[in-house]
Amino acid sequence: MTESTFTPRVFSGIKPSGGLTLGNYLGAIKRFVGMQGAGFETVYCVVDLHAITVWQDPAELKTATREVAAGYLASGIDPEKSILFNQAQVHEHAELGWIFNCVARVGWMNRMTQFKDKAGSNAEKVSLGLYAYPSLMAADILLYHATHVPVGEDQKQHVELTRDIAAKFNHDFKVDFFPLTTPVIEGPAMRVMNLRDGTKKMSKSGESDMERINMTDDADTIAKKFKKAKTDPAPLPETLDGLKDRPEARNLVDIYSALNDMTPEAVIAEYAGAGWGRFKPALADLAVEKLAPISTEMERLMNDPAEIDRILGRGAERAREIAAPILKQTYDIVGLLRS
Ligand code: TYM
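Numbers given for residues are sequential positions, taken from 1 along each chain in its written order. pLDDT decides what is reported in this predicted model: residues at 70 or higher carry local features, side-chain atom pairs at 80 or more are listed and counted, and totals for whole chains, interfaces and linings draw on all residues regardless. No hydrogens and no water enter the side-chain calculation; it runs on all heavy atoms of the structure.

J.: Break down the overall build of the protein chain for me, citing the residues and quoting the values.
T.: Within the protein chain, the secondary structure is distributed over 13 helices and 5 strands. Computed over the C-alpha atoms, the radius of gyration of the protein chain is 21 Å, within 12% of the 20 Å expected from 2.2 N^0.38 for a compact globule of 339 residues. With respect to the principal axes defined by its C-alpha atoms, the protein chain has extents near 70 × 45 × 45 Å. Put simply, the protein chain has 339 residues, and 50% of those count as buried. Here, residues are in contact when the closest pair of their heavy atoms is within 4.5 Å. For the protein chain, long-range pairs separated by at least 24 residues make up 77% of all intrachain contacts whose partners lie at least 6 apart in sequence. Accessible surface area values rest on a Shrake-Rupley calculation with a 1.4 Å probe, where residue burial reflects the displayed protein chains alone. On the protein chain, roughly 15700 Å² of surface is accessible, and the fraction owed to carbon and sulfur atoms is 52%. The helix count covers DSSP runs of H or I at least four residues long, the strand count covers runs of E at least two residues long, and both are numbered beginning at the N terminus. With C-alpha atoms as the basis for the radius of gyration, the globule rule is written as 2.2 Å multiplied by the number of residues raised to the power 0.38. Here the term buried applies to any residue with accessible area under 20% of the maximum for its type, exposed to any over 50%, and partly exposed to those in between, with areas from a 1.4 Å probe on protein chains only.

Dropping the structure here:
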């Protein structure tokens, strides 16, 4: 079966393991909003079952789940246009995840670079869930027969694994049941880097708060973090090529371009020859202009958790309308008896 025989459908998710960062916003949420109403059915998830692959305090997990949902809503995900829910309310994810644990090979999992990075030298002590995580991610996507998955660069290998799992399932059971999903990784912010080290990804779990912009940071904090961001002494070059070996400078140009919906070339054209004393305040002003309305709206939404829970509950019902028949068919294909 070719991709075109499936309904064009987008699925993507964000883990509620700490607050949202500018990396999540530019690499994921902002692009999710762009795909809404653009010829796709859009399904967006707060992937709480993924969060618990590392320890989460139960009360904080609930708050973080609502906060990611608030981030989606405040950025422009419309629960009427998209299906918005949290993974744990649709038990089909865990069930298909188990079936995919029996399709995926241990050798495939051993190649997952994110697991190696996260487990580090501690691989014997991390949870089995952290190791199996990519097969649950494949289940998230394939439970909706999603054709497109917008993600940041760090998730590319997991979406490729999803394709391998779909192909092996189809081959083993001689069906054309699961689509080969296309990862959508495009634009200048596919890998927003750490503000203190331009060779590392900006992440929720980095050691210092100064290395990331949180979606809940206030204007002063955003300005301070950009001011203190690591750079080199040279001014901005005349062409993008001149940023080749300057990861920190390149990162700030990419952030500016993604926030302002312009190409990095256009940013360089505007700021060629500018020093950091001019570029950093301009970047901070732009970030505050774009992010302040979102953080204000997130705060408002977080004051009404019952409303967030209602939206997620309704989204889960709609998600199950798609997921339940696909899981039932999967059980039938595999030969699992349903009375
Ligand atoms: P997570 O929660 O780590 O990140 C959520 C999304 O944000 C993107 N992202 C970034 N993009 C650019 N620069 C950064 N510094 C940056 N940091 C994070 C991620 O690429 C991702 O798109 N396994 C996934 C969640 C997941 C999922 C799925 C995604 C579970 N099931 C099914 C898509 C489809 C994760 O841990 O993302």
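What follows picks up the thread again.
J.: Any chance you could break down empty space enclosed by the protein for me, citing the residues and the numbers?
T.: Throughout, the protein atoms alone are placed on a 1 Å grid, and a set of points is a cavity if a 1.4 Å probe fits but cannot get out or a pocket if it is open with protein on both sides within 12 Å along at least five of seven lines; lining residues have an atom within 4 Å of a point. Grid points are joined across faces, edges and corners, and a volume is the space filled by probe spheres set on the points. Throughout the structure, instances matching the rule amount to 1 cavity of 30 Å³ or more. Along its surface, the largest cavity is lined by Q114, F115, K118, L130, Y133, P134 and H158. Looking at the lining of the largest cavity, the elements that each hand over two or more residues are α6 (113-119) and α7 (128-142). Here the lining of the largest cavity is composed, by residue class, of 4 nonpolar, 2 polar and 1 charged. Under the scheme applied, nonpolar residues are Ala, Val, Leu, Ile, Met, Phe, Trp, Tyr, Cys and Pro; charged residues are Asp, Glu, Lys and Arg; polar residues are all the others, including Gly.

J.: Break down the layout of surface pockets for me, citing the residues and quoting the values.
T.: There is about 420 Å³ of room inside the second largest pocket. Looking at the second largest pocket, it is lined by 19 residues, and the ones nearest its centre are N101, L128, A132, Y133 and S135. Listed by contribution, the elements that provide at least two residues to the lining of the second largest pocket are α4 (92-101), α5 (106-110) and α7. Sort the elements by how many residues they give to the lining of the second largest pocket and α7 lands first, with 7 residues.

J.: Describe in detail helix α12 (residues 276-302), supporting the description with residues and values.
T.: End to end, α12 covers 36 Å across 27 residues, agreeing with the expected 39 Å (1.5 Å per residue, within 8%). A bend of about 35 degrees at L291 is the largest found in α12, and the proline P293 appears one to four places after it. Take the number of residues in a helix, subtract one, and multiply by 1.5 Å to get its expected span. The angle separating two fitted axes, one through the seven residues that finish at a residue and one through the seven that start at it, defines the bend at that residue.

J.: Break down the packing of α4 against α7 for me, with residues and values.
T.: Fitted lines through C-alpha atoms give the axes, limited to the stretch in contact for helices. The angle between two N-to-C directions lies from 0 to 180 degrees. Running from amino to carboxyl end, α4 crosses α7 at an angle of 125 degrees, the nearest separation of the two axes being 8 Å. Of the possible angle classes, the one that applies to α4 and α7 is oblique. The interaxial crossing formed by α4 with α7 has right-handed handedness. In this structure, α4 uses H93, A94, L96, G97, F100 and N101 to contact α7, whose residues at the interface are A132, S135, L136, A138, A139, D140 and L142. For the contact of α4 with α7, the residue count by class is 8 nonpolar, 4 polar and 1 charged. Small angles under 35 degrees read as roughly parallel and large ones over 145 as roughly antiparallel, with 65 to 115 read as roughly perpendicular and the rest as oblique. Left-handed describes a crossing whose near helix is turned anticlockwise from the far helix through less than a right angle; right-handed describes the clockwise counterpart.

J.: How would you explain the pattern of salt bridges if you had to name every residue and give the values?
T.: Here, a salt bridge means any side-chain nitrogen of Lys or Arg that lies within 4 Å of a carboxyl oxygen of Asp or Glu. One pass over the structure, following the stated rule, counts 18 salt bridges. E297 is the salt-bridge partner of R300, the closest N and O atoms lying 2.9 Å from each other. Taken together, the residues span about one helical turn, with R300 and E297 both in helix α12 at a distance of 3 residues. On the basis of relative accessibility, which here comes to 27%, the residue E297 falls in the partly exposed class. Members of the salt-bridge network, linked through shared partners, are D209, R212, D217 and K225.

J.: How would you explain the site of the ligand if you had to name every residue and give the values?
T.: Whether a residue is near a molecule or strand depends on its heavy atoms: it is near if one of them lies within 4 Å of it. With respect to spatial proximity, 27 residues lie near the ligand, and among them K15, Y133, D140, D154 and V192 are the closest. Under the rule applied, a polar contact is a pair of N or O atoms within 3.5 Å (in protein, one hydrogen donor and one hydrogen acceptor; residues adjacent in sequence only if both atoms are side-chain atoms). Interatomic distance of 2.7 Å between a side-chain N/O atom of K15 and an oxygen atom of the ligand. A distance of 3.1 Å is found between a nitrogen atom of the ligand and a side-chain nitrogen or oxygen belonging to Q155. Burial of the ligand by the protein amounts to 98% of the accessible area it has alone, namely 710 Å². Among the elements of the structure, β1 (9-14), α1 (22-35) and α7 are those that each provide at least two residues to the shell around the ligand. Looking at the shell around the ligand residue by residue, the class counts come to 13 nonpolar, 8 polar and 6 charged.

J.: Lay out the side chain of R246 with the relevant residues and their values.
T.: Topologically, R246 is positioned in the loop between α9 (219-228) and α10 (247-259). At 3.0 Å, the side chain of R246 forms a polar contact with the backbone oxygen of A234. Those residues in contact with R246 that lie beyond four places of it in its chain are D232, A234, P235, P237 and W276.

J.: Give me the environment of A249: which residues, what numbers.
T.: Summarising the element assignment, A249 is placed in helix α10. Separated by 12 residues in sequence, A249 and P237 place their C-alpha atoms 9.9 Å apart. In contact with A249, other than residues within four places in its own chain, are D232, L243 and W276.

J.: Just give me the short version of unusual backbone geometry, but keep the residues and values in it.
T.: Glycine aside, residues mostly have negative phi, and peptide bonds are mostly found in the trans state. In this structure, H145 is a non-glycine residue whose phi angle is positive, near 50 degrees. Looking at where H145 falls in the secondary structure, it is placed in the loop between α7 and β4 (148-150). Overall, H145 belongs to the buried group, its relative accessible area being 11%. The phi dihedral of D261 falls on the positive side, at around 50 degrees, and the residue is not glycine. Along the chain, D261 falls in the loop between α10 and α11 (264-271).

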